[in-house]
Amino acid sequence: MSERLHTLPNGFRIVTEHMPGLESASIGVWVSAGGRHERIEQNGIAHFLEHMAFKGTKRRSALQIAEEIEDVGGYINAYTSREVTAYYARVLRNDVPLALDLIADILRNPVFDPREIEVERGVILQEIGQSLDTPDDVVFDWLQEAAYPDQPIGRTILGPTERVSDFGRGDLAGFVAEHYGPGQLILSAAGAVDHDAIVRMAEDLFGDMKPLPLVQAEVAQFTNGERRVEKRLEQAHFTMALEAPGYRHDDFYAAQVFATAFGGGMSSRLFQEIRERRGLCYSIFAQIGSYADTGMLTIYSGTSGEDIADLADISVDELKRSAEDMSASEIARARTQMKAGLLMGLESPSSRAERLARLIGIWGRVPPLTETVEKIDAVDVGQVRGFAESLVTSGKCALALYGPVQAARDLAAMERRLAA
């Protein structure tokens, strides 16, 4: 495997990895503009823009975009997160030029036809409605908002219906003009790819773009907050968040190892204590989501209304106990899980292309895989317990509760239990 990076004079970055033995390739452009780069009146526009990507350009209609990629058996899609928007395709080796041309056309020549805007507006409003009908989706948005109130990073990616209902062509074009400069774009490709050929194509397709000033995202401030929505559902959905490191922080790997040992699998403390020993839920897990300047350890479970208070109490107790007695064997198992997950994920060109783009966006380089493995292996008992202790003593947590949650502890009670 070999990663290669090239930067055009205008700041457009190209990173590739050739994977011998493959006949397919994944290629895409990752834009450093997601939900947290929106002003409040723009909330939801990055996601709206993603939806409009395949609705027609100056050269192709929406049908032509679909037909051209499917005529060669390929696949094209996009997604929006809080920090990036990605446009990507999967094709056979000989069709990489077509895929890249399609993606460049989508990014550089959108027409934002008013009729298509109205069609897609309806689709997005349906998507928002569907998310509100999916408790174990919407509760995470509420938790994000509770942890980062009145901040771009705390707002829903889909946006509120009232904003989405008002976006027009000028709003979409304005966001592109503000954020889609060559220095904010990373072209990443993996699989059956030729680096030099992709660089030449990128020069032709993106080399004439004029640089734009980099728009800095508002610095995130994690805070205490609670969102409780009582509704007659089969399950009570419990989520709790504590602040964790961003992905550039020195404690990043210790935090990831802790989260895996604490709630990352069937052998984890949460799963064993709350599901296996006490039978309080079907599903429970803990995970860490990291951003440039902050992160969240999230605990989630769905349980009965009668059991939600006990489940929350035990989760906090296990968190406190882990700061005192998380064992070397638990940490070794978590490290192995992380390394296995990392290596298994890299068997896919799509995963590799995404990883390359993410690492270039974070570090401006692709650290060797051995460097990442060494950092995971370097995490020891003291670091993991120390990170757990910092969670317990931080005094900050956020809650989001949905369903028959009348018996659930409130935020003040959870904070008292953490501090006890």
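Right, let's walk through the structure included here.

Scoring rules and cut-offs
Residues numbered from 1 in each chain as written. Predicted model: local features only at pLDDT ≥ 70, side-chain atom pairs only at ≥ 80, totals over all residues. Heavy atoms only, no water. Helix = DSSP H or I, 4+ residues; strand = E, 2+ residues; numbered from the N terminus. Rg over C-alpha atoms; globule rule 2.2 N^0.38 Å. Buried < 20%, exposed > 50% of the residue type's maximum accessible area, 1.4 Å probe, protein only. Contact = heavy atoms within 4.5 Å. Areas by Shrake-Rupley, 256 points an atom, 1.4 Å probe, with all protein chains shown as cover. Lys, Arg positive; Asp, Glu negative; His and termini not counted. Charge placed at Lys NZ, Arg CZ, Asp CG, Glu CD. Core = buried A, V, L, I, M, F, W, Y, C linked by side-chain atoms within 4.5 Å. Axes fitted to C-alpha atoms, helices over the stretch in contact; angles between N-to-C directions. Parallel < 35°, antiparallel > 145°, perpendicular 65-115°, else oblique. Nonpolar A, V, L, I, M, F, W, Y, C, P; charged D, E, K, R; others polar. Pairing = 2+ DSSP bridges. Phe/Tyr/Trp six-rings, centres within 6.5 Å; stacked < 30°, edge-to-face > 60°. Expected span 1.5 Å × (residues − 1). Polar contact = N/O pair within 3.5 Å; in protein donor to acceptor, adjacent residues only side chain to side chain.

A word on the overall build of the chain. The helix and strand tally for the chain stands at 16 helices and 11 strands. The C-alpha atoms of the chain give a radius of gyration of 23 Å, which matches the 22 Å a tight globule of 420 residues would have. Across its three principal directions, the C-alpha atoms of the chain cover 65 × 50 × 40 Å. In the chain, which comprises 420 residues, the proportion classed as buried is 52%. Once local pairs closer than 6 in sequence are excluded, the contacts in the chain between residues at least 24 apart make up 81%. Accessible area of the chain: about 18300 Å², with a carbon and sulfur share of 49%. When the 43 basic and 62 acidic side-chain charges of the chain are each reduced to a single mean position, those positions are 2 Å apart.

The next subject is the nonpolar core. The biggest cluster of nonpolar side chains holds 49 residues, and the ones touching the most others in it are Ile27, Tyr87, Tyr180, Leu187 and Phe206. Top element by residues in this core is helix H3 (residues 96-108). It accounts for eight residues. Ignoring any residue separated from it by four or fewer positions in sequence, one finds tyrosine 180 in contact with Val31, Ala33, Leu49, Thr85, Tyr87, Leu107, Phe175, Met209 and Leu212.

This paragraph deals with the packing of helix H1 (residues 45-52) against helix H7 (residues 169-179). Viewed as axis vectors pointing N to C, H1 and H7 meet at an angle of 100°, and their least axial separation amounts to 10 Å. Judged by the inter-axis angle, H1 sits roughly perpendicular to H7. Contacts from Ile45, Ala46, Phe48, Leu49 and Met52 in H1 reach Asp171, Leu172, Phe175 and Val176 in H7. Counted by class, the contact of H1 with H7 contains eight nonpolar, no polar and one charged residues.

Moving on, we come to the sheet that holds strand E11 (residues 398-403). A sheet is described by the order of its strands in space; here five strands give the open sequence E7-E11-E8-E10-E9, paired in mixed fashion. Edge strands, defined here as strands with exactly one partner in the open sheet, are strand E7 (225-230) and strand E9 (283-290). Going across the sheet, the axis of each strand differs from the next one's by a mean of 10°, ignoring polarity. Two strands pair when backbone bridges link them, and E9 and strand E10 (residues 295-303) are joined in this way by eight bridges, in the antiparallel orientation. Counted as the bridge partner of isoleucine 284 is serine 301 from E10. Those strands touched by helix H5 (residues 135-147) are E7, strand E8 (236-244), E9, E10 and E11, and its axis lies near 150° from that of E11.

Bringing the packing of aromatic side chains into the picture now. Tallied over the full model, the rule gives 12 aromatic pairs. Residues phenylalanine 48 and phenylalanine 167 carry aromatic rings whose centres are separated by 6.0 Å and whose planes lie at 80° to one another, so their mutual orientation is edge-to-face. On the criterion of sequence distance, the pair formed by phenylalanine 48 in helix H1 and phenylalanine 167 in the loop between helix H6 (161-164) and H7 is long-range, its members being 119 residues apart. This pair shows no difference in class: phenylalanine 48 is buried, exactly as phenylalanine 167 is.

Attention now moves to helix H13 (residues 349-363). Under the 1.5 Å per step criterion, the end-to-end length of H13 is 21 Å for 15 residues, consistent within 8% with the ideal 21 Å. When we look at burial in H13, the residues that qualify are Pro349, Arg352, Ala353, Arg355, Leu356, Ala357, Leu359, Ile360 and Ile362. Sitting at the head of H13, serine 348 places a side-chain oxygen 3.2 Å from the backbone nitrogen of serine 350. One or two steps after H13, the chain reaches glycine 364, where phi turns positive at roughly 75°.

Taken together, the six strands give an open sheet; going across it, the order is E1-E2-E6-E3-E5-E4, and neighbouring strands pair in mixed fashion. Only two strands of the sheet have a single partner each, and these edge strands are strand E1 (2-7) and strand E4 (75-80). Strand-to-strand twist across the sheet, computed as the mean angle between neighbouring axes with direction ignored, equals 15°.

Negative phi is the rule for most residues except glycine; trans is the rule for most peptide bonds. In this structure, phenylalanine 112 takes a positive phi of about 50° despite not being glycine. Even without being glycine, aspartate 150 reaches a positive phi, approximately 55°. For aspartate 150, the location among the structural elements is in the loop between H5 and H6. Residue classification places aspartate 150 among the exposed positions, given a relative accessible area of 74%.

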